[in-house]
Amino acid sequence: MLDVTVLFIVGIIIIALFFDFTNGFHDSANSISTVVSTKVLSPPKNAVIFAASFNFIAAFGFGVAVASTISKIIRLDYVETSIIPYIVLSGLIGAIAWNFITWYFGLPSSSSHALIGGGLMGGGAWLRPGGLRRFNSRLGTIVLFMFLSPIIGLLMGLLFMTGVMRFSENIPRHVADQRFRRLQLVSAAAYSFSHGTNDAQKTMGGIITPLLFSIGYFGAGVDPNHLPVPIWVILAAHAAIALGTLSGGWRIVKTMGYGITRLRPIHGFSAETAGAATIIGASIAGIPVSTTHIISSSIMGVGGPLKGG
């Protein structure tokens with residue numbers, strides 16, 4: 001008979017994977033809004049299948065540097081092991097509720113900020129004195145990039161769009177649209193891949209791995225602040241996000257695809273490429289960022305040099 005504590009942990013892991021599902025559902029707009037609004041992939045169901053596929057393929061991409069960063073936000077050796085599941089559960093409930101609220105109103109908000117914020121508030125309250133101070137530099141980097149990453153996305157979108165327009169200024173509009181329709185399939189794949197790479201790792205490192213540690217999954221003698229991420233956790237997290245993307249959050253797609261700026265294939269290609277470059281760079285550096293804020297700001301950035309486009 002399974003121990004009640006183990007069953008409790010399994011239940012929370014299932015809730016964590018459900019959060020990943022809501023993350024994919026909420027953030028499907030990140031990956032498909034531009035290809036839907038420019039009609040590069042039609043009908044829209046083709047777009048979500050396309051995006052979901054690359055969300056899952058991202059499991060085999062750039063390692064788990066982001067998961068490692070998230071897992072070190074709060075030192076597990078400074079928290080009572082028995083309290084870890086309750087810290088995690090409280091953060092998950094808050095983040096899932098926020099995803100549904102913002103989806104209902106069609107708001108492209110950050111699931112990542114909700115999860116990290118919930119984890120910090122819950123975890124920080126239970127740390128022994130000095131535990132959080134030991135991570136000021138790491139927390140500072142995470143918080144800094146919460147503000148910097150949308151600005152970087154905006155600038156990348158603006159610069160990339162300006163360069164692309166100069167490169168294609170002598171190409172007839174209908175020819176440019178045709179070419180960038182093809183190229184947008186590549187940029188959409190890159191963005192969906194980057195979205196899966198960064199977002200899935202937050203649940204791996206900040207939720208599931210600490211839960212496994214709390215029930216002794218990793219055995220004795222393991223450093224609680226350098227926990228390995230099991231392959232089944234990586235695959236499960238990416239599968240959950242991919243299934244969520246497959247379900248599609250259409251309310252937010254309308255906001256991002258039609259409500260920010262008018263997009264042609266050249267704009268969609270530029271926004272997706274700029275967003276993907278920003279997120280992949282952050283993922284390699286192990287920095288958790290808001291993929292929603294980055295693509296939103298990238299779309300605003302490509303809307304800057306619209307004159308002549």
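Scroll up to find the structure this text is about.
Definitions and cut-offs
Position labels on residues start from 1 in each chain and follow its written sequence. At least 70 in pLDDT is required for a residue's local features to be given in this predicted model, at least 80 for side-chain atom pairs to be given and counted, and no such filter applies to totals for whole chains, interfaces and linings, which use all residues. Derived side-chain values reflect all non-hydrogen atoms in the structure, with water molecules and hydrogen atoms excluded from consideration. Patch rule: a residue counts if its relative accessible area is over 30% and it has no salt bridge; like charges are joined within 9 Å, and nonpolar side chains (Val, Leu, Ile, Met, Phe, Trp, Tyr) within 5 Å. With residues, only the protein chains shown are counted as cover, and all accessible areas are computed by Shrake-Rupley using a 1.4 Å probe. Note on definitions: salt bridges are taken to be side-chain nitrogens of Lys or Arg within 4 Å of carboxyl oxygens of Asp or Glu. Segments assigned H or I by DSSP are reported as helices when at least four residues long, segments assigned E as strands when at least two residues long, and all are numbered from the N terminus. Two rings belonging to Phe, Tyr or Trp (six-membered ring only in the last case) form a pair when the distance between their centres is within 6.5 Å. Interplanar angles under 30 degrees mark stacking, angles over 60 mark edge-to-face geometry, and anything in between is tilted. Accessible area is worked out with a 1.4 Å probe on protein chains only. A residue is then buried under 20% of its type maximum, exposed over 50%, and partly exposed in between. The length a helix should cover is 1.5 Å for every residue beyond the first. The axes are straight lines fitted to the C-alpha atoms, using for helices just the contacting stretch, and the angles between their N-to-C directions are given from 0 to 180°. For classification, angles of less than 35 degrees are called roughly parallel, those exceeding 145 degrees roughly antiparallel, those between 65 and 115 degrees roughly perpendicular, and all remaining angles oblique. Here a crossing is called left-handed whenever its near helix is offset anticlockwise from the far helix by less than a right angle, and right-handed whenever the offset is clockwise. Whether two residues are in contact is decided by their heavy atoms: any pair within 4.5 Å suffices. Residues were grouped as follows: Ala, Val, Leu, Ile, Met, Phe, Trp, Tyr, Cys and Pro as nonpolar; Asp, Glu, Lys and Arg as charged; and all remaining residues, including Gly, as polar.

Participant: So what exactly am I meant to see when it comes to a nonpolar patch on the surface here?
Facilitator: A cluster of nonpolar side chains, Leu144, Leu148, Ile151, Ile152, Leu155, Met156, Leu158 and Leu159, forms an exposed patch at the surface whose accessible area comes to about 660 Å². You can see Leu155 is positioned in helix H6 (residues 136-167).

Participant: What am I meant to see in the packing of aromatic side chains here?
Facilitator: The relative placement of two aromatic rings is captured by the distance of their centres and the angle of their planes. Tallied over the full model, the rule gives ten aromatic pairs. The interplanar angle of 80° and the centroid separation of 5.8 Å between the aromatic rings of Phe62 and Phe193 together place this pair among those described as edge-to-face. Residue Phe62 is located in the loop between helix H2 (44-57) and helix H3 (65-71), and its partner Phe193 is located in helix H7 (residues 173-214); the two are separated by 131 residues in the primary sequence. The class of Phe62 is partly exposed, set by a relative accessible area of 36%. Ring plane angle 55° and centroid distance 5.9 Å describe the contact between Phe160 and Phe269, whose orientation is recorded as tilted. Of this pair, Phe160 sits in helix H6 while Phe269 sits in helix H10 (residues 265-284), and the two are 109 residues apart along the sequence. Of the residues examined, Phe160 reaches a relative accessible area of 31% and is grouped as partly exposed.

Participant: How do you make sense of helix H4 (residues 84-104) when you look at a structure like this?
Facilitator: Along an α-helix, residues three or four apart share an orientation, since each turn contains 3.6 residues. Helix length check: H4 (21 residues) gives 31 Å between terminal C-alpha atoms against 30 Å at 1.5 Å per residue, within 8%. Residues of H4 that are buried: Ile84, Pro85, Ile87, Val88, Leu89, Gly91, Leu92, Ala95, Ile96, Asn99 and Thr102.

Participant: Would you mind going over the packing of H10 against helix H11 (residues 291-302) with me for this structure?
Facilitator: For any two helices packed against each other, one specifies the inter-axial angle together with the distance between the axes. One way to put it is that H10 packs onto H11 with a least axis distance of 8 Å and a crossing angle of 140°. Taken together, the axes of H10 and H11 are oblique relative to one another. Here H10 and H11 pass one another in a crossing that is right-handed. The segment H10 lies against H11, with His267, Ser270, Ala271, Glu272, Ala274, Gly275, Thr278 and Ile279 engaging Thr291, Ile294, Ile295, Ser298, Ile299 and Val302. Here the residues of the contact of H10 with H11 are counted per class, giving seven nonpolar, six polar and one charged.

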